[in-house]
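Spelled out from the first residue to the last, the chains are:
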Amino acid sequence: MPRWRIPTCASAALAAAGLLLSGCANPSVGSANDDPTKPVTLKFWHGWATPGEVKAVNDSIDRFEKLHPNIKVKATGNVSDETINQALRAGGDKAPDVVSSFTTNNVGQYCDSGMWANLDPFMKKTGLDKKKTFPKTLLDYTSYRGSQCALPLLADAYGMYYNKDAYKEAGIERPPRTMSEFKKVAEKLTVRSGKDSYKRVGFMPNFRFYQNSPDRLFAQWGPQYFDAKGDARLADEPKTYKFFKTADQLADAQGGYDDLERFRLTFGDEMSSQNAFLTGKVAMHLDGEWRGLMLDDAKAKFDWGVAPLPVPDDQADTYGRGFITGTVAGIAHSSKHQNAAWELVRFLTADTDQVVKFANAIHNVPSTFAALKSPKLDADPTFRTFFDILRNKHSKALPPSVNGGAYVVSLQDFSYSVEAGRVGDLRKGLKKLDDQIDADTLQSKS
Amino acid sequence: MALQLSNPARRRLRTLGFLSPWLVGFSVFFAYPLIATVYFSFMHYNQIKEPTFVGLRNWRYVFEQMPLFGPALWNTLWLVVIMVALRVVFGLSLGLLITKIKTGAGFFRTAFYLPYLAPPVAATVAFVFLLNPGTGPVNEILSSIGITGPNWFNDPDTAKPSLVLLSLWGIGDLMVIFMAALLDVPKEQYEAADLDGAGPFAKFRYVTWPAITPIVMFAVVTGVVQTMQYYTQALVAGKVASGVNIGPGSVIQPGYPDHSTLTVPQLVYQMGFQNFNTGAACVLSLVLFAIAMAVTMLLMRKRSGLLAAED
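This structure is a prediction, so every number in the text was calculated from the model and none was measured.

Things to note about the domain arrangement of chain B
Reports of interface size often rely on the accessible area that becomes lost once the parts have come together.
All names here are of chain B.
Next up, step 1: For chain B, the domain assignment lists domain 1 (31-65 + 263-302) and domain 2 (79-129 + 158-243 + 252-261).
Next up, step 2: On a C-alpha basis, the centroid separation for the pair domain 1 and domain 2 is 31 Å.
Next up, step 3: Facing 13 residues of domain 1, the contacting portion of domain 2 comprises 16 residues.
Next up, step 4: Looking at the side of domain 1 facing domain 2, the largest losses of area belong to T263, Q266 and L299, adding up to 43% of the total buried there.
Next up, step 5: Inspection of the domain 1/domain 2 interface yields zero salt bridges.
Next up, step 6: Scanning the region where domain 1 abuts domain 2 turns up four residue pairs in polar contact (both at pLDDT 80 or more).
Next up, step 7: Where the side of domain 1 that touches domain 2 is concerned, the elements lending two or more residues are α12 (264-274) and α13 (278-310).

Right, here's the structure in full:
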């Protein structure tokens, strides 16, 4: 063989081997041929991590195992979406059968990619009418283009926690309902210390503060992110401009973005005893329903209350709305026991008694009509405020998208630049953001 | 019947036999991933469904529609130039100083080497804590002497220099390599230079530098390749400094503040394993590979030129 042929042949062989191997890289596909009455062990991955939450999950599993003695459930907690994503793509025996996620952002991706199995056939088989069981907003955020690949496993509603002692001190009688009231109250509650620092701010408007991500605040305006064709329309949405203007005014009323940002950096971790609301550094605070339980557990040194977050002045009739999201649960596409897995998903998401017990235990909002009406539900009025936010017809969840939360990340990123005053022409910037979201969406489609 | 082989054929087989462990490693860990990366750069593949051919779509997406590609590439190249240059200068200076010290050299050697042993994540978290503009001790000390400290990791202008400071703090590995090279320079040459009346600068220029050039080149080449892959410290510093923690399901764009610490490897990870946009991730990896390859070849050519000049 002439000398030149050896490297040529070798690289051709390597290329061929590479292509062959890459063709084999697809993960296994599961099946729904199993008998749900036969003995089986299911793997269930979830994100709950604190001891109280883990106990509540384990109690739920005990209840399930009592009802289905042939099904054992092995639960793994504190699992992030990233881990679930990668495990399901890798497939294999170690991959979970039932999965849950703390965010609705990724549902579009889960459904479109086929990574989570479509649950409609299972519902049909076992006679579960989803429209009669779950509120529409929740069904919307657990499906994508006709594929109901997830079901809501408790919901999260966002409202405003406020420091009643600080209100009294500042002579404020009730929580603000409109954005202009909000600005005035925030300014009144702000106490500065020195030239560029604070003892307390009324409301920390900066988007990097704990749960303040722009998509959550923006929900108060009731935005429409996409048009009928699925193209981004933030630049054409008048509410976008009003939203950014209000955020800017809120910051200015309390000393401006730079000073607030400097103060924000002194805050402790959100989920720790150094939480800025708990330590009194912030008087009004956007957060989910779980915070109430945490404030009680931490024995907050002040009296606190809960109200919906204010709405724009020109939409005063929508007061009571809020941002909605929630935990979702589904079946892994690679599971070989999908019928048994469905029994677990059905129990966790649609069994009224279970949903109520679990909601009471971890202080999340129940996600079925029946559970929301249940007399066994925790009667704590601060907790119940969030039920009303969930039920409010103006409340908003994020629309699902083929590439999951990529558009939310782009919006967040853009908003950080806007609040820091680094976007000169907002219209031009938003146009570019829309183009970016559309390009990313197109890129993710097959 | 035994196989009859001519002498050259036998020699070739023997050579291949000796080479085979390397060939297997090369094929499995380099050639195959490289070919697969090129293959997937022309495919739409979400790591679930079958890959489909999309031509140059991924390439166009990266070069024309990905606004973060420019900043990420700029940051990566900035870090390669500034960080590698400063690391070499600082590492060499430290090595020179410590080899010259008569007493306490052991103490200084240990003191400067220790930070290198800290795990990168822990070291970065500690550094971000030290440089926190609101509560960090560094700015508190500065303000006590009347200086307003910078915002370090929280300002797009100082975030990258802060990463460089972090890397200089962990300079121990390079310092030890340079010390070994410096102690290896023949003493007679210094004595001859002394006899010729050379000063310290002339001695460094004409004796030390030529002797340690190959080591400097080694430090530069490995530094360039390592910095091209810069990921952990930038990611951790950005995340910790931003103070953003919005739950296990949420994705945060790395690169805080204002993409100033976003590097290409972070973008590769985000594209490939968060967005499952395998094609775009492969394109980004190939761009990085091409740049690293070009820079390394350039440096290697320079090195062989230097070695030839020495001969």
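Some remarks on helix α15 (residues 352-362) of chain A
All names here are of chain A.
Next up, step 1: All buried positions along α15 are accounted for by Q354, V355, V356, F358, A359 and I362.
Next up, step 2: Considering only its buried residues, α15 is in contact with α2 (51-67), β4 (151-163), α13 (290-297), α14 (338-350), α16 (369-373) and α17 (381-391).
Next up, step 3: Its side-chain oxygen 3.2 Å from the backbone nitrogen of D353, D351 forms the N-cap of α15.
Next up, step 4: Looking one or two places after α15, you find H363, whose phi comes out positive at around 55°.

Some details on the interface of chain B and chain A
Next up, step 1: With 50 residues of chain B in contact, the opposing surface of chain A contributes 50 residues.
Next up, step 2: Taken together, the two surfaces of chain B and chain A that pack against each other cover about 4400 Å², and 50% of this comes from carbon and sulfur.
Next up, step 3: Seen at the junction of chain B and chain A, the total is one salt bridge.
Next up, step 4: The salt bridge involving B:D258 is made with A:R422; its shortest N-O contact spans 2.0 Å.
Next up, step 5: On inspection of chain B and its partner chain A, the count reaches 17 residue pairs in polar contact (both at pLDDT 80 or more).
Next up, step 6: Elements with a minimum of two residues in the side of chain B that touches chain A: α1 (7-40), α2 (57-65), α11 (232-242) and α12 of chain B.
Next up, step 7: Ranked by residues supplied to the side of chain B that touches chain A, first place goes to α1(B) with six residues.
Next up, step 8: Within the side of chain B that touches chain A, the residues separate by chemical class into 23 nonpolar, 23 polar and four charged.

Things to note about the pairing of strand β7 (residues 282-288) of chain A
Residue and element names in this part refer to chain A.
Next up, step 1: Across the seven residues that make up β7, a large majority, seven, are buried.
Next up, step 2: The sheet contact formed by β4 and β7 spans five bridges and is antiparallel. Looking across to β7, one finds that Y158 is bridged to G288.
Next up, step 3: Pairing between strand β6 (residues 198-203) and β7: two bridges, direction parallel. When the bridges of β7 are listed, V201 appears paired with V282.

A closer look at α13(A)
The α-helix winds at 3.6 residues per turn, so residues separated by three or four positions along the chain end up facing the same way.
All names here are of chain A.
Next up, step 1: Restricting attention to buried positions, one finds in α13 the residues W290, R291, G292 and L295.
Next up, step 2: Looking at the buried positions of α13, the neighbouring elements they touch are β4, β7 and β8 (304-307).
Next up, step 3: Residue K299 follows α13 closely and has a positive phi angle near 50°.

With respect to the state of the cysteines
Residues and elements named next belong to chain A.
Next up, step 1: Counted under the stated rule, the structure contains one disulfide over all chains.
Next up, step 2: Through a disulfide, C111 is tied to C149; the S-S separation comes to 2.2 Å. Residues C111 and C149 are joined through a disulfide that is left-handed, its torsion about the S-S bond being -80°. With C111 in helix α4 (residues 107-113) and C149 in the loop between α7 (136-141) and β4, the pair connects residues that are 38 residues apart, well separated along the chain.
Next up, step 3: Overall, the relative accessible area of 8% leaves C111 in the buried class.

Description of the nonpolar core
Next up, step 1: In this structure, A:W116 and A:W342 are the most contacted members of the largest nonpolar core, which totals 77 residues.
Next up, step 2: Of the residues forming this core, the biggest block, eight residues, is contributed by α14(A).
Next up, step 3: Split by domain, this core shows at least three residues from each of two domains, domain 1 (3-156 + 324-391) and domain 2 (159-318) of chain A.
Next up, step 4: Excluding residues within four positions of it along the chain, A:W116 makes contact with A:L88, A:V99, A:S100, A:S101, A:Y110, A:C149, A:A150, A:V328, A:A329, A:G330, A:I331 and A:H333.
Next up, step 5: In terms of nonpolar packing, the next biggest core, distinct from the first, is built from 64 residues, B:V88, B:A105, B:A193 and B:V287 among them.

Remarks on the environment of A:A379
Next up, step 1: Within the secondary structure layout, A:A379 lies in the loop between α16 and α17.
Next up, step 2: Exposure remark for A:A379: the relative accessible area of 58% places this residue in the exposed category.

Some points on the domain arrangement of chain A
Residues and elements named next belong to chain A.
Next up, step 1: Segmenting chain A into domains produces domain 1 (3-156 + 324-391) and domain 2 (159-318).
Next up, step 2: A C-alpha centroid distance of 32 Å is found between domain 1 and domain 2.
Next up, step 3: Across the domain 1 to domain 2 interface the summed buried area is about 940 Å²; carbon plus sulfur atoms make up 67%.
Next up, step 4: Considering only the side of domain 1, the residues that lose the most area to domain 2 are H363, T382 and F386, jointly responsible for 51% of the buried surface there.
Next up, step 5: Remark: the boundary between domain 1 and domain 2 carries zero salt bridges.

Things to note about the UniProt feature "transmembrane region" (unreviewed entry) in chain B
Residue and element names in this part refer to chain B.
Next up, step 1: In the numbering used here, UniProt assigns the feature "transmembrane region" (unreviewed entry) to residues 21-42, 76-99, 111-131, 163-185, 206-225 and 278-300.
Next up, step 2: Taken end to end, residues 111-131 is 86% helix and 0% strand, and its two terminal C-alpha atoms sit 21 Å from one another.
Next up, step 3: With 100% helix and 0% strand, the stretch residues 278-300 has end C-alpha atoms that lie 32 Å from each other.

Points about empty space enclosed by the protein
Next up, step 1: According to the stated counting rule, one finds six cavities of 30 Å³ or more in the structure shown.
Next up, step 2: The volume enclosed by the largest cavity comes to roughly 140 Å³.
Next up, step 3: The wall of the largest cavity is formed by 16 residues, among which A:R208, A:Y416, B:Q253, B:G255 and B:Y256 lie closest to the centre.
Next up, step 4: The set of elements that each furnish at least two residues to the lining of the largest cavity consists of α18 (406-419) of chain A together with α11 of chain B.
Next up, step 5: Residue classes in the lining of the largest cavity are distributed as six nonpolar, six polar and four charged.
Next up, step 6: Within this model, the second largest cavity holds a volume of roughly 110 Å³.

What counts and what doesn't
- Residues numbered from 1 in each chain as written.
- Chains lettered and ligands numbered in written order.
- Predicted model: local features only at pLDDT ≥ 70, side-chain atom pairs only at ≥ 80, totals over all residues.
- Heavy atoms only, no water.
- Domains from an automatic or database assignment.
- Contact = heavy atoms within 4.5 Å.
- Buried area = accessible area lost by both parts, 1.4 Å probe.
- Salt bridge = Lys/Arg side-chain N within 4 Å of Asp/Glu carboxyl O.
- Polar contact = N/O pair within 3.5 Å; in protein donor to acceptor, adjacent residues only side chain to side chain.
- Helix = DSSP H or I, 4+ residues; strand = E, 2+ residues; numbered from the N terminus.
- Buried < 20%, exposed > 50% of the residue type's maximum accessible area, 1.4 Å probe, protein only.
- Nonpolar A, V, L, I, M, F, W, Y, C, P; charged D, E, K, R; others polar.
- Pairing = 2+ DSSP bridges.
- Disulfide = S-S within 2.5 Å.
- Core = buried A, V, L, I, M, F, W, Y, C linked by side-chain atoms within 4.5 Å.
- UniProt positions renumbered as here; feature names shortened; annotations may be inferred.
- 1 Å grid on protein atoms, 1.4 Å probe; cavity = no way out; pocket = protein on both sides within 12 Å on 5 of 7 lines; lining within 4 Å.
- Points joined across faces, edges and corners; volume = space filled by probe spheres on them.

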